[in-house]
2 protein chains.
Amino acid sequence: MASNADEEAAGAAPIADRTAAINNDQVDTKDVSKNALKKAQKQERLAADKANKSATNTTKEAGRAEAKKAVNKMPKKKIEGAALIGIDVSKEEDFSAWYQQVLTKGDMLDYYDISGCYILKPASFFIWEEIQQWFNKNIKSIGVKNCSFPMFVSQDVLEREKDHIEGFAAEVAWVTHAGNSKLEKKIAIRPTSETVMYPYYAKWIRSHRDLPLRLNQWNSVVRWEFKHPQPFLRTREFLWQEGHTAHIDEQGAGKEVLQILDWYADIYQDLLAVPVIRGRKTEKEKFAGGLYTTTVEGYIPFNGRGIQGGTSHCLGQNFSKMFGITVEDPSAREGEKKPPLHVWQNSWGLSTRVIGVMVMIHSDNHGLVLPPRVAEIQVVIVPVGITAKTTEAEKTSIHEQVDALATVLRASHLRVETDMREGYSPGWKFNEWEMRGVPLRLEFGPGESEGHFVTTARRDIPGKDGKGRITVQDLGKDVPALLDTIQADLYKRAEESYKSHTIKITDWDDFVPALNNKNVCLIPHCLEEKCEDEVKDMSAKKAAEGNDEPEDAKAPSMGAKSLCIPFEQPPEGIEEGKTCTNPNCKNLAKAWCLFGRSY
Amino acid sequence: MASNADEEAAGAAPIADRTAAINNDQVDTKDVSKNALKKAQKQERLAADKANKSATNTTKEAGRAEAKKAVNKMPKKKIEGAALIGIDVSKEEDFSAWYQQVLTKGDMLDYYDISGCYILKPASFFIWEEIQQWFNKNIKSIGVKNCSFPMFVSQDVLEREKDHIEGFAAEVAWVTHAGNSKLEKKIAIRPTSETVMYPYYAKWIRSHRDLPLRLNQWNSVVRWEFKHPQPFLRTREFLWQEGHTAHIDEQGAGKEVLQILDWYADIYQDLLAVPVIRGRKTEKEKFAGGLYTTTVEGYIPFNGRGIQGGTSHCLGQNFSKMFGITVEDPSAREGEKKPPLHVWQNSWGLSTRVIGVMVMIHSDNHGLVLPPRVAEIQVVIVPVGITAKTTEAEKTSIHEQVDALATVLRASHLRVETDMREGYSPGWKFNEWEMRGVPLRLEFGPGESEGHFVTTARRDIPGKDGKGRITVQDLGKDVPALLDTIQADLYKRAEESYKSHTIKITDWDDFVPALNNKNVCLIPHCLEEKCEDEVKDMSAKKAAEGNDEPEDAKAPSMGAKSLCIPFEQPPEGIEEGKTCTNPNCKNLAKAWCLFGRSY
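So, how was this worked out
- Residues numbered from 1 in each chain as written.
- Chains lettered and ligands numbered in written order.
- Predicted model: local features only at pLDDT ≥ 70, side-chain atom pairs only at ≥ 80, totals over all residues.
- Heavy atoms only, no water.
- Helix = DSSP H or I, 4+ residues; strand = E, 2+ residues; numbered from the N terminus.
- Buried < 20%, exposed > 50% of the residue type's maximum accessible area, 1.4 Å probe, protein only.
- Contact = heavy atoms within 4.5 Å.
- Areas by Shrake-Rupley, 256 points an atom, 1.4 Å probe, with all protein chains shown as cover.
- Pairing = 2+ DSSP bridges.
- Axes fitted to C-alpha atoms, helices over the stretch in contact; angles between N-to-C directions.
- Least-squares fit on C-alpha atoms with pLDDT ≥ 70 in both.
- Phe/Tyr/Trp six-rings, centres within 6.5 Å; stacked < 30°, edge-to-face > 60°.
- Lys NZ or Arg CZ within 6 Å of the ring centre and 35° of its normal.
- Buried area = accessible area lost by both parts, 1.4 Å probe.
- Salt bridge = Lys/Arg side-chain N within 4 Å of Asp/Glu carboxyl O.
- Polar contact = N/O pair within 3.5 Å; in protein donor to acceptor, adjacent residues only side chain to side chain.
- Nonpolar A, V, L, I, M, F, W, Y, C, P; charged D, E, K, R; others polar.
- Core = buried A, V, L, I, M, F, W, Y, C linked by side-chain atoms within 4.5 Å.
- 1 Å grid on protein atoms, 1.4 Å probe; cavity = no way out; pocket = protein on both sides within 12 Å on 5 of 7 lines; lining within 4 Å.
- Points joined across faces, edges and corners; volume = space filled by probe spheres on them.
- Parallel < 35°, antiparallel > 145°, perpendicular 65-115°, else oblique.
- Left-handed = near helix turned anticlockwise from the far one by under 90°.

Student: Could you clarify how one ought to interpret the overall build of chain A in this entry?
Tutor: In terms of regular secondary structure, chain A is built from 19 helices and 23 strands. Counting the 599 residues in chain A, one finds 58% classified as buried. Put simply, 71% of the contacts in chain A that link residues at least 6 apart link residues at least 24 apart. Roughly 24,500 Å² of accessible area belongs to chain A as shown, and the carbon and sulfur atoms make up 50% of that amount.

Student: Where do I start with the sheet that holds strand β15 (residues 379-383) of chain B in this structure?
Tutor: Strand pairs in the sheet, formed through backbone hydrogen bonds, run parallel or antiparallel to each other. Residue and element names in this part refer to chain B. Within the open sheet, the five strands sit side by side as β16-β15-β17-β18-β19. Their pairing is mixed. Sheet topology places β16 (416-418) and β19 (467-471) at the edges, where each strand pairs with a single neighbour. The mean inter-strand angle of the sheet, taken between neighbouring strand axes irrespective of direction, is 25°. The pairing of strand β17 (residues 440-444) with strand β18 (residues 453-458) spans four bridges and is classified as antiparallel. Note on β18: the bridge partner recorded for L442 is T456. Contacts from helix α14 (residues 426-435) reach β15, β16 and β17, with the element oriented near 170° to β15.

Student: Can you help me understand the sheet that holds strand β15 (residues 379-383) of chain A in this one?
Tutor: Residue and element names in this part refer to chain A. Strand order in the open sheet made by the five strands is β16-β15-β17-β18-β19, with mixed pairing throughout. Of all strands in the sheet, those bounded by a partner on one side alone are β16 (416-418) and β19 (467-471). The sheet shows a mean angle of 25° between the axes of neighbouring strands, direction not considered. Sheet contacts for helix α13 (residues 392-411): β15, β16, β17 (440-444) and β18 (453-458); angle to β15, the most-contacted strand, approximately 165°. Across the sheet, helix α16 (residues 475-500) touches β15, β17, β18 and β19, and the angle it forms with β18 is around 10°.

Student: Explain the relation of the copies chain A and chain B here, please?
Tutor: Relating one copy of the chain to the other requires a rotation about an axis plus a shift along that axis. Once chain A has been moved 0.0 Å along the axis and rotated by 180°, it coincides with chain B to within an RMSD of 0.0 Å. Here the two chains are linked by the operation of a two-fold rotation axis. Scanning chain A for the C-alpha nearest the rotation axis identifies V175(A), at a separation of 2.1 Å. Comparing interface residues between copies, 100% of those in chain A also lie at the interface in chain B; the contact surface is shared.

Student: Mind showing me how you'd approach the packing of aromatic side chains here?
Tutor: Aromatic ring pairs are reported here in terms of the distance separating the ring centres and the angle at which the planes meet. Tallying each qualifying case throughout the model produces 44 aromatic pairs over all chains. Ring geometry for Y299(B) and Y498(B): centres 5.2 Å apart, planes at 10°, overall stacked. Placement of the pair is Y299(B) in strand β10 (residues 292-300) and Y498(B) in helix α16 (residues 475-500), with a sequence separation of 199 residues. On the basis of relative accessible area, Y299(B) is assigned to the buried category, the value being 2%. The class for Y498(B) is buried, based on a relative accessible area of 4%. Taken together, the ring pairs connect Y112(A), F149(B), Y198(B), Y200(B), Y201(B), W204(B), F319(B) and F323(B) into an aromatic cluster. Above the face of the W204(B) ring, K121(A) is positioned so that its terminal group lies 4.3 Å from the ring centre. Positioned above the aromatic ring of W174(B) is the side chain of K186(B), whose terminal nitrogen or guanidinium carbon lies 4.1 Å from the ring centre.

Student: What am I meant to see in the interface of chain A and chain B here?
Tutor: How big an interface is tends to be stated in terms of accessible area lost as the parts join. Facing 80 residues of chain A, the contacting portion of chain B comprises 81 residues. For the pair chain A and chain B, the summed buried surface comes to about 6,700 Å²; carbon and sulfur atoms form 56% of the total. Here chain A and chain B share six salt bridges between them. Between K140(A) and E129(B) there is a salt bridge, with the nearest N and O atoms lying 3.1 Å from each other. Connecting chain A to chain B are 27 residue pairs in polar contact (both at pLDDT 80 or more). Looking at which element gives the most residues to the side of chain A that touches chain B, the answer is helix α3 (residues 31-57) of chain A, with nine residues. Tallied by class, the residues present in the side of chain A that touches chain B amount to 41 nonpolar, 16 polar and 23 charged. Strand direction decides the pairing type here: strand β5 (residues 173-178) of chain A and strand β5 (residues 173-178) of chain B, joined by five bridges, are antiparallel.

Student: Could you clarify how one ought to interpret the side chain of T176(B) in this entry?
Tutor: Tracing the backbone shows T176(B) in strand β5. A polar contact of 2.8 Å, which involves the side chain of T176(B), links it to the side chain of T176(A). Those residues in contact with T176(B) that sit more than four places away from it in its chain are W174(A), T176(A), H177(A), S181(B), K182(B), L183(B) and K186(B).

Student: How should I be thinking about the nonpolar core in this particular structure?
Tutor: Inside soluble globular proteins, nonpolar side chains tend to come together where they are buried. Counting residues in each nonpolar core, the largest one holds 86 residues, and the members touching the most others are F152(A), I189(A), Y201(A), F152(B), I189(B) and Y201(B). Setting aside chain neighbours within four positions, we find Y201(B) in contact with L213(B), L215(B), H244(B), A246(B), I325(B) and Q345(B).

Student: It is not clear to me how empty space enclosed by the protein should be interpreted in this structure. Could you clarify?
Tutor: It is the rolling of a water-molecule-sized probe over the atoms that shows where space remains empty. Residues and elements named next belong to chain A. Going through the model one piece at a time under the given rule, you end up with seven cavities of 30 Å³ or more. Listed by contribution, the elements that provide at least two residues to the lining of the largest cavity are β2 (118-120) and β8 (237-247). In terms of residue count, the dominant contributor to the lining of the largest cavity is β8 (three residues). Classifying every residue of the lining of the largest cavity by side-chain character gives nine nonpolar, four polar and one charged.

Student: Got a minute to help me understand the pattern of salt bridges in this structure?
Tutor: Note on pairing: side chains with opposite charge can pair once their charged atoms come close. Applying the stated rule across the entire model yields 62 salt bridges over all chains. Taking the shortest distance from any N to any O, the salt bridge between K145(A) and E376(B) comes out at 3.2 Å. Placement of K145(A) in strand β3 (residues 145-146) and of E376(B) in the loop between α12 (353-362) and β15 is noted, with the two residues assigned to different chains. In this structure, K492(A) and D489(A) form a salt bridge, with 3.5 Å as the shortest nitrogen-oxygen distance.

Student: Is there a simple way to think about the pairing of strand β9 (residues 277-280) of chain A in this case?
Tutor: Regular strands place their side chains on alternate faces of the sheet. Residues and elements named next belong to chain A. The pairing of β9 with strand β10 (residues 292-300) spans four bridges and is antiparallel. Each residue of the ladder has a partner; that of G279, found in β10, is T295. As defined by bridge partners, β9 adjoins strand β22 (residues 561-566) across two bridges and the pair is classed as antiparallel. Of the residues in β22, the one forming a bridge with G279 is P566.

Student: What is the right way to look at the environment of H208(A) in this model?
Tutor: Tracing the chain through its elements places H208(A) in the loop between α9 (194-204) and β7 (213-222). When the C-alpha atoms of H208(A) and I248(A) are compared, they prove to be 6.7 Å apart, with 40 residues separating the residues in sequence.

Student: Would you take a moment to explain the pairing of β5(B) for this structure?
Tutor: Residues and elements named next belong to chain B. Most of β5 sits inside the fold, with five of its six residues counted as buried. Both β5 and strand β6 (residues 181-189) contribute to a ladder of four bridges, which runs antiparallel. The residue bridging V175 from the neighbouring strand is I187, located in β6. Joining the antiparallel neighbours β5 and β6 is a turn of two residues, in which G179 adopts a positive phi near 60°.

Student: Help me understand the packing of helix α13 (residues 392-411) of chain B against α16(B) in this model?
Tutor: All names here are of chain B. Axis separation between α13 and α16 bottoms out at 9 Å; the angle between their running directions is 70°. When the axes of α13 and α16 are compared, the pair comes out roughly perpendicular. In terms of crossing hand, the pair formed by α13 and α16 is right-handed. Contacts from L405, V408 and L409 in α13 reach L475, G476 and V479 in α16. Looking at the contact of α13 with α16 residue by residue, the classes come out as five nonpolar, one polar and no charged.

Student: Before we go on, may I ask you to explain the side chain of N138(B) in this structure?
Tutor: All names here are of chain B. The topology assignment puts N138 in helix α6 (residues 122-141). Classification of N138 as buried rests on a relative accessible area of 15%. Of the polar contacts made by the side chain of N138, one reaches the backbone oxygen of W134; its length is 2.9 Å.

Student: Would you mind showing me how to read helix α14 (residues 426-435) of chain A here?
Tutor: In an α-helix, one turn spans 3.6 residues, which is why side chains three or four residues apart end up on the same side. Residue and element names in this part refer to chain A. In terms of burial, α14 is largely enclosed, as ten of its ten residues are buried. Those residues of α14 that sit buried are P426, G427, W428, K429, F430, N431, E432, W433, E434 and M435. Immediately downstream of α14, the backbone of G437 shows phi near 80°, a positive value.

Structure follows, in structure tokens:
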């Protein structure tokens, strides 16, 4: 690294790969880095002490135990030569432990002392705020308004719609006491707000003029699942938005269902660089109590599992009949008697699960990889080439220039951090910012200063291949452009992976092998619930089920579920008279249906 | 109203007071208005039916009973000649019922079937979003970051800090069951998040470099109070923000405490047009477990009660000692051994209570009055002067011009609504928009069209005094200016009222009479807890206490509490040797302290 200035001075020399030392765990031999190493070791010890103390002092709840278990497992499967504070479990060896480390070491999340509850730290909450802002702007453009309903719901109201509550009953958290007093009746914490809100829709909707009524809430809901929890993907409390709308007819409701679904797809694809497939859920998988459910389905390349990304439901008139939400028929002429119309309703929700999906897809063995559009820090500038021989004046000059570069970039509306910390080597800093997923690192030292350029290092392409140069003069234009390229490339790679692992299968014998090869499968299917159950059974390996291992370890043994009936069907359609792909099913195939092992 | 066009055509005619008919409940005799009346009567019947049905179908919970009780009470005290759908209880006759009607008929809030929980409808949630946006921008400028902690807290952790939990214990809601399973240990819903967050501060803060740590959450908390609930002011679940920060020293913490308090004052004064007094809480009234509490205190002119507006606490080192949040002393030299430093902490919170305070202060017997800066609809344009004789072409032309006016105003970044509904008279519409608090109404009819102007009607000054004209040409400039004037005038009136009702008292005999005259009182006080208790006792009328009446009815019998020790002390200071104003107290007075009956 000391040779950097010389290299650059030579002109056409190759771009310095300052990450090499770190990635191979060859610690810098200069004084400054010895200090950093000592500090890091000490900090690591302190942190471990504190965490242990905290775990002991606090409670012995399952959540803590869960986190500790995962922590204790880690050392078994270390990445060869991993840096001291870096990710030390590889994605390939233990996906679950890797995912947890990426989130905790990347400063996105922390484990909480109640199992299934997690702390969203600023880096992940920032992403949620970006999504909120984007989605609010769009839904407000069609007249959706935000509001806030209570988190509590009485038992009577919660259980009014039978199919609906059946889907949630086992997971409802109940409040029974306040202070030392027992409540007269136990009160539920909402698992979702249909039954919380609709008695009031019945009251508020007086005439067809009040339609469409479109309300949305950003809140948290509680579903006390007993399966193994996983940050962002399966949590007992989670943040989401839930939209609840009422329309005069099926057409208005149906149009909105698709509009919202498109925006969900945009959030995944445009903001998070995550490709999704749009489609309809089968009867078996649709929302309990609704008419039909549309969904965006994602794909985790590493284990080949599908993941539900967000759902937009048409509830039809089921809830409006249950809750008596009616208007007079506006088509009735003066004096004419027509029966009242039950309104058509939708509900749609997107949760912080999106963040987990994004992390699983893009991140690597160095840590988080964040798409520039949602990264809290888009660019970090690290001064380099400062050695023991550098004079104080030279160092000051470099630091001042780094500040000036940051100012230029901020004027281009970029979110920029500079890392002037003393006592840490550049490589050390690179490592930390990589772990935290910052999309673009700029290096600036005497060589760059002399040559009027910055060295760029893309987070999404580690090592030399991801390095380049931008002249200082073009900074305000080329850095945003490079971030756009990174965003587009992240999406492109994920899309290629999803496309190449979405396999059309028409012969059952190919189905399980395709799943085992980490594919999701499009099969001609009858769409019957009973048949789906069979497909699931037949594609599962019985022996391994039911143990308490994290699900990722179980994945290869899971049965396949239907993910959706994609809107975009294969152009050849379904052959006339073709039966369902399940060899035990005699029904005609109705559509290409996407099946997969899934979250 | 039919004469409007003629009037205006005559040129210098006085500004039409189109509200007169409504305010005197003289319903328009034209066909169009007969229809509206019939419709309204029918809608009123339907709504009453629905509400009754809903109440019966739903649950017989206290919340419903509470709302029904209030509703049943209303007809007793009708405003003479009140319009059919308008506010029918005057502020003067029954403040509590009036407040409830202003909120429900103004479309801000609805009662919920669980007592003490309320639905924030879009009009009030919009105000909260405006506050969020403004406050986020400010706190982010000093490095505060938003995040999200779980709503649940284990009993052990909740009860770690004894003084602190004592302040909340009686109101904590406990979850004991999930589905049909009893939880191993009951789990609390956070009443506030100090003990939720600080175990993690202990883990995350490793070095003085990690300070200041400044996190904020926008969430809801639950305090299951058993006193009579009141929308926005005393609710069992409420929305708020809670900031929790850690600093290396008292100075950094103290500076932030005041900065946040200033922003709370700005939210009240600049956004909501509500004057507040800044000060410090006495030992008796400070936050349980904290070092000192600063506060903004508001004043409700109608009943002369003080109201706590928002608090910014310095927690000192109490929690950091309890939770072990320490850093190494950065002043220690190489090799020197210094004891670890316990960090200095702050917490600060502002809740949706702000909305209730704003409503109580500005609203009147026609309904809500919203300050323009936070009103979801700032301007409503109502077409007028359309009679049975108006041709279809003339009507279309007026409507098109109204649309064009709206476009001009929206280009000036105003939030504008037009009301082209058929079958409702202008007066009817005026009434509805007044009830909903829209700050400025523009009337536009044939007269205005011909004269190239709009007639303006200020919500804050009902009747002729609030009317004026703006030429179409000046619309984009003069309407925003008029809204600014309305905002400023609302504040000015409220401030004059607060100032004139803040009375300096040095003789105890004047104290209770001053309270009875709806004043808050500055008295030289010893600031001792025991003395405060005495002052409260001595200023209360015993007999009326403890009944279940809404508090507003009880107010005159309440004892006075200390509201704050204002930062801005009367310039004359405290006379040397002056004893406390409480005649039974022999202590020296330490400061002018603000006392009042309060919420």
